[in-house]
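Architecture at a glance
Read off the chains here:
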Amino acid sequence: MSGCYGMIKKVTKMLKATCIPPKDLEKDTLYRYFNIFSPLSAIIVFFLNLVVKGAYRGNNFNADYLLQEFGLHVVENLTEIKARVLPPPYLKYRQRGIELEILPDVGEWNMNDLEMFNGGKVNYWAVVNFSGLSIDVVDCFCVGIILMRGAKGMTFTQEPLFPIVTETPNNIRNALTHIHRLSISKSGQEKSLQLLFVILADMSECYGLIKRVCETELGIVSQCRQQNALCR
């Protein structure tokens, strides 16, 4: 679920950014683009605005031969589009067996004590450990996964498809390919492994490679966790 919460935070951040009034957004863009943080920033932004808006008049686009040849016309003012904000949809959950509808607030909602309305079922899952954590710590992580998923209304098998695989970070591609083949041999199905938990020592170095190999090349849904999160 941590991946879901991370996605919710990203969506909320995006929504808040798009709710900024156009003039404030224009100033903010100029601040970030030109990296202006001096006490004279307001004055500099003011003159930058003049420069940007004056570029249109200085270039005299509508007198350009090529634009005239293709029948193009450039107006000075930005296009105004009439729009409206759609209300967020209600989300349906269960709370102690009772149906419950929740209305998100700017892309956020509280899932404490709530269960999925129609929770998914995971029969085949596995864990690969690329960190330096011991098997005992990873085993505790697996127990926590089962308990948390069950509390959220998901059906999760008690045991992974095969024992925890431990590998070094410099052998990621080979390890994932081995896991894919192992899952097929264990279940006898081409698309058997529904979820692969990947434990990493450093998320930044290996995350991109793991996602590319799992989701794109092997068709495995993966969820990466950093070892520090498991030790809390």
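Everything discussed here concerns the structure shown above.
To keep things clear, this report deals only with the structure shown in the data block. Bear in mind the structure is a predicted one, so any value in this text is a computation, not a measurement.

What about the packing of aromatic side chains?
As enumerated under the stated definition, the model contains four aromatic pairs in all. Ring geometry for Trp125 against Phe156: centres 5.3 Å apart, planes inclined by 45°, an arrangement best described as tilted. Residue Trp125 is located in strand 5 (residues 125–129), and its partner Phe156 is located in strand 6 (residues 155–156); the two are separated by 31 residues in the primary sequence. Given a relative accessible area of 7%, Phe156 falls into the buried group. Ring plane angle 85° and centroid distance 6.1 Å describe the contact between Trp125 and Phe197, whose orientation is recorded as edge-to-face. A residue pair is termed long-range when its members are at least 10 positions apart, and Trp125 in strand 5 and Phe197 in strand 8 (residues 195–200) qualify at 72 residues. Given the relative accessible area of 0%, Trp125 is considered buried. Looking at Phe197, the relative accessible area reads 1%, which means it is buried.

Observations regarding the sheet that holds strand 2 (residues 98–102)
The pairing of strands in a sheet comes from backbone hydrogen bonds and takes either a parallel or an antiparallel form. One open sheet accounts for three strands, arranged 2-1-3; its pairing is antiparallel. The open sheet has two edge strands with one neighbour each: strand 2 and strand 3 (115–116). Inspection of the sheet shows strand 1 (residues 91–95) paired to strand 3 by two bridges, in the antiparallel sense. Looking across to strand 3, one finds that Tyr93 is bridged to Met116.

Here's the deal with the environment of Lys92
Position of Lys92 among the secondary structure elements: in strand 1. For Lys92, a relative accessible area of 39% translates into the label partly exposed. Along the sequence, Lys92 and Phe117 sit 25 residues apart, while their C-alpha atoms lie 6.1 Å from each other. Residues in contact with Lys92, not counting those within four places in the same chain, are Glu99, Leu100, Glu101 and Phe117.

A few points about the pattern of salt bridges
All chains considered together, the criterion is met by two salt bridges. A salt bridge links Arg173 to Glu217; the nearest nitrogen and oxygen atoms lie 2.7 Å apart. With Arg173 in helix 6 (residues 172–187) and Glu217 in helix 7 (residues 203–218), this pair connects stretches of sequence that are 44 residues apart. Take Glu217: its relative accessible area is 44%, and that puts it in the partly exposed class.

Quick notes on the rules
- Residues numbered from 1 in each chain as written.
- Predicted model: local features only at pLDDT ≥ 70, side-chain atom pairs only at ≥ 80, totals over all residues.
- Heavy atoms only, no water.
- Phe/Tyr/Trp six-rings, centres within 6.5 Å; stacked < 30°, edge-to-face > 60°.
- Helix = DSSP H or I, 4+ residues; strand = E, 2+ residues; numbered from the N terminus.
- Buried < 20%, exposed > 50% of the residue type's maximum accessible area, 1.4 Å probe, protein only.
- Pairing = 2+ DSSP bridges.
- Contact = heavy atoms within 4.5 Å.
- Salt bridge = Lys/Arg side-chain N within 4 Å of Asp/Glu carboxyl O.

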